[in-house]
Amino acid sequence: MKVLAAIALILALSSADDSSEDNNRDLWRGMERNVAGQLNRLQKLTQPHNCAASCHFSVHLDLVDYETAKKNCEEAKYIGFPTPGGRRLMSVHSELENRLAWYAFRYAYNDVPLKGKRYEEATNWAWIGLEKKTNTETRPNGSGKVVWNPNDWQWVDGVKMTPSSYTNWLTKHDEEVQPDMRPVEGAHQTAARIYRRPSRGGVWDDTFKNKLHPYICQFNLPVHYVVYPELKTWQEAKASCEERGFYFAKIRNIVENDLFKKAVQVAYGEDRYEKKFHHENWIWIGATDLDESGTFKFYDGEEIKFRIPWAKKQHDNKTTRKRGSQDYVAVSRWGEWDDSYGLHWKRPFACQCSPQGIALDREMEKINEEWENRENIKEAEKERKRKEKEAN
């Protein structure tokens with residue numbers, strides 16, 4: 001799971017040299033600031049849903065039992081913005097992911113001090129998606145304080161624990177004291193929760209599934225583009241994205257262009273208007289050639305570095321006395337680009353959750369390369385035909 005808006009930072013964290021303790025400490029602090037910043041930025045959207053969220057996970061402040069937390073993560077589709085890839089109770093497979101869960105939990109409560117006794121106050125802990133699946137009825141004969149067999153435990157994402165799996169059970173004097181599978185009235189502790197206290201590094205405890213706690217969900221797919229059907233001018237669209245805590249959408253490569261089309265389907269399904277250039281067939285994104293006619297860049301000056309999939313006979317930069325020139329980009333529901341009159345025409349618009357582009361794997365890079373190669377071949381063939389026509 002590559003999470004947070006600062007994807008580049010997290011990739012650096014996951015590959016950092018563990019021997020450099022000072023460097024890692026600075027990276028953790030940077031990540032903590034980014035988590036806090038994301039939760040704060042999207043607060044206007046998520047607060048009415050009694051949660052805090054980033055583009056990748058959400059912390060829910062309702063106090064529920066473990067099974068309800070699992071169900072809520074899986075069934076809720078909207079937390080102030082859509083999460084179309086679905087969600088699940090958070091699985092933790094590394095220190096990086098554990099810190100993400102811990103930071104998010106802390107800042108969902110604005111990092112306020114803990115209340116009451118450590119084990120008893122509900123808001124001191126949050127559910128994570130780890131549960132004991134076998135040997136749940138009795139403590140093993142002759143067991144001491146700790147009852148831990150990794151083969152008995154499994155994450156909700158289906159990953160079974162092994163002796164080499166990452167864990168962060170509560171310790172005392174550098175010795176693990178959890179999980180202890182403490183029995184009470186015939187019941188045993190078979191689900192994991194994470195501790196909010198800043199000085200304890202997100203340690204875990206096993207507890208009873210009927211306890212009531214907040215819970216942390218992770219998104220199966222990070223939220224990137226969000227398409228809003230509201231009709232606005234280009235400038236109004238930009239302002240509306242920023243007011244929500246998002247960024248005006250940027251499409252940096254053909255893979256993101258395909259991802260954009262999927263976000264359009266979340267908003268509209270497969271529907272489209274018969275008339276190609278109907279305003280609601282086209283969605284504003286944050287690209288313009290205002291600074292230099294014919295050279296399209298993103299609204300903040302970032303260059304567009306891939307071959308743009310313009311619609312046929314576009315961009316044409318038409319100019320009229322009434323509407324001015326076509327300086328603003330809209331993308332169709334089917335993924336073609338057009339330059340358009342952004343000052344007067346009102347259209348749906350797209351925002352994005354993280355300011356960074358998506359993290360590309362090798363398969364995605366191959367898709368981008370193949371797109372560029374195909375378009376280069378088309379352009380070369382077009383030029384060949386033009387020269388051939390001129391020669392004749």
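Data block above holds the structure.
Residues numbered from 1 in each chain as written. Predicted model: local features only at pLDDT ≥ 70, side-chain atom pairs only at ≥ 80, totals over all residues. Heavy atoms only, no water.

1. Section: the nonpolar core
The test is simple: Each nonpolar core is a collection of buried residues, namely Ala, Val, Leu, Ile, Met, Phe, Trp, Tyr and Cys, held together in the definition by side-chain atoms within 4.5 Å. Relative accessible area decides the class of each residue, using a 1.4 Å probe on protein chains only: under 20% of the type maximum gives buried, over 50% gives exposed, and in between gives partly exposed. What counts as a helix is a DSSP run of H or I of at least four residues, what counts as a strand is a run of E of at least two, and both are numbered from the N terminus. Pairs of residues are marked as contacts when any of their non-hydrogen atoms sit within 4.5 Å.
Core analysis: the biggest nonpolar cluster contains 29 residues, and Leu 130, Ile 194, Trp 204 and Ile 216 have the highest contact counts within it. The set of elements that each furnish at least two residues to this core consists of α2 (21-41), β2 (57-64), α5 (95-108), β4 (125-132), β5 (153-155) and β8 (191-195). Considering every element that reaches this core, the biggest residue donor is α5, with eight residues. Contacts of Leu 130, omitting those with residues within four sequence positions, involve Tyr 66, Trp 153, Gln 154, Trp 155, Met 161, Trp 169, Ala 191, Ala 192 and Trp 204. By size, the runner-up hydrophobic cluster in this structure holds 24 residues, among which are Leu 45, Cys 241, Phe 248 and Cys 351.

2. A word on the packing of aromatic side chains
What counts, and what does not: Pairing of aromatic side chains here covers Phe, Tyr and the six-membered ring of Trp, requires ring centres within 6.5 Å, and sorts the geometry by plane angle: under 30 degrees stacked, over 60 edge-to-face, intermediate tilted. Here, a charge over a ring is recorded when the distance from Lys NZ or Arg CZ to the ring centre is within 6 Å and its angle to the ring normal is within 35 degrees.
Enumeration according to the criterion identifies 24 aromatic pairs in this entry. Judged by centre distance (6.4 Å) and plane angle (80 degrees), the ring pair of Phe 81 and Phe 219 falls under edge-to-face. Placement of the pair is Phe 81 in the loop between α4 (66-75) and β3 (87-89) and Phe 219 in strand β10 (residues 213-219), with a sequence separation of 138 residues. On the basis of an interplanar angle of 40 degrees and a centroid distance of 6.1 Å, the ring pair of Phe 248 and Tyr 299 is categorised as tilted. Here Phe 248, found in strand β12 (residues 247-248), pairs with Tyr 299, found in the loop between β14 (297-298) and β15 (319-320); they are 51 residues apart in sequence, far enough to count as distant. Taken together, Trp 148, Trp 153, Trp 155, Tyr 166, Trp 169 and Trp 204 form an aromatic cluster joined through their ring pairs. Geometry around Trp 102 places Arg 106 over its ring, the cationic atom sitting 4.7 Å from the centre.

3. Observations concerning the environment of His 279
Position of His 279 among the secondary structure elements: in the loop between α7 (254-268) and β13 (282-288). Under the relative-accessibility criterion, His 279 is labelled partly exposed at 27%. Along the sequence, His 279 and Arg 347 sit 68 residues apart, while their C-alpha atoms lie 5.5 Å from each other. Apart from residues no more than four positions distant in its own chain, His 279 is found in contact with Trp 345, Lys 346, Arg 347 and Pro 348.

4. What to know about α7
The condition that has to hold: Expected span of a helix: the number of residues minus one, times 1.5 Å. Pairing of N or O atoms within 3.5 Å defines a polar contact, subject to two protein rules: one partner must be a possible hydrogen donor and the other a possible acceptor, and residues neighboring in sequence count only if both atoms are side-chain atoms.
Over its 15 residues, α7 extends 21 Å from the first C-alpha to the last, a length consistent with the 21 Å expected when each residue adds 1.5 Å. Buried within α7 are the following residues: Ile 254, Val 255, Glu 256, Asn 257, Phe 260, Ala 263, Val 264 and Tyr 268. Looking at the buried residues of α7, the elements they touch are β11 (225-232), β13, β17 (328-332), β18 (337-340), β19 (347-352) and α8 (362-391). Regarding α7, its N-cap is Asn 253, as a side-chain oxygen of that residue lies 3.2 Å from the backbone nitrogen of Val 255 further along. Immediately beyond the C-terminal end of α7, within one or two residues, lies Gly 269, with a positive phi of roughly 70 degrees.

5. Here's the deal with the side chain of Thr 288
By the secondary structure assignment, Thr 288 is in strand β13. The class for Thr 288 is buried, based on a relative accessible area of 9%. A polar contact of 3.1 Å, which involves the side chain of Thr 288, links it to the backbone nitrogen of Leu 290. At 2.6 Å, the side chain of Thr 288 forms a polar contact with the backbone oxygen of Asp 327. Each residue touching Thr 288, except ones within four places of it in the same chain, is listed here: Trp 234, Thr 295, Phe 296, Lys 297, Tyr 299, Asp 327, Tyr 328 and Val 329.

6. Some words on the pattern of salt bridges
The condition that has to hold: Here, a salt bridge means any Lys or Arg side-chain nitrogen found within 4 Å of an Asp or Glu carboxyl oxygen.
This model, assessed by the stated rule, comprises 28 salt bridges. Salt-bridge contacts for Glu 120 lead to Lys 211; the nearest nitrogen and oxygen are separated by 3.5 Å. Taken together, the residues Glu 120 in the loop between α5 and β4 and Lys 211 in the loop between β9 (204-207) and β10 connect sequence positions 91 residues apart. Using a relative accessible area of 26% as the deciding quantity, one classes Lys 211 as partly exposed.

7. Quick notes on the pairing of β10
Inclusion rule: Any two strands with at least two DSSP bridges between them are considered paired.
Of all seven residues in β10, seven are buried, a share of seventy percent or more. Sheet analysis places β2 next to β10, joined by five bridges and oriented antiparallel. Of the residues in β10, the one forming a bridge with Val 64 is His 213. When β3 meets β10, the two strands line up antiparallel, connected through three bridges. Residue pairing in the sheet places Leu 89 in a bridge with Cys 217 of β10.

8. Here we look at the environment of Asn 376
Position of Asn 376 among the secondary structure elements: in helix α8. Each C-alpha atom, one on Asn 376 and one on Ser 165, is 47 Å from the other, the two residues being 211 residues apart in sequence.

9. Quick look at helix α6 (residues 234-244)
The test is simple: The arc in question is the one spanned by the directions pointing from the helix axis to the C-beta atoms.
Within α6, the full set of buried residues consists of Trp 234, Ala 237, Lys 238, Ser 240, Cys 241 and Arg 244. Down the axis, α6 shows its buried residues gathered within 165 degrees of arc, on one side only. Two residues or fewer past α6, Gly 245 is found with a positive phi of approximately 100 degrees.

10. Focus on the side chain of Thr 46
Counting through the fold element by element, Thr 46 comes out in helix α3 (residues 43-46). Accessibility expressed as a relative area gives 1% for Thr 46, which makes it buried. Those residues in contact with Thr 46 that sit more than four places away from it in its chain are Cys 51, Ala 52, Ala 53, Ile 79 and Phe 81.

11. Some details on the state of the cysteines
Note the cut-off: The disulfide definition used here is simple: a pair of cysteine sulfur atoms within 2.5 Å.
In the structure shown here, the tally under the stated rule is three disulfides. Two residues share a disulfide in this structure: Cys 73 and Cys 217, whose sulfurs sit 2.0 Å from each other. In this structure, the disulfide formed by Cys 73 and Cys 217 twists by about -85 degrees around the S-S bond and is classed as left-handed. Of this pair, Cys 73 sits in helix α4 while Cys 217 is found in strand β10, placing the two residues 144 residues apart along the sequence. Among the residues examined, Cys 217 registers a relative accessible area of 0% and is labelled buried. Here Cys 241 engages in a disulfide with Cys 351; their sulfurs sit 2.0 Å apart.

These figures capture arrangement, not role.
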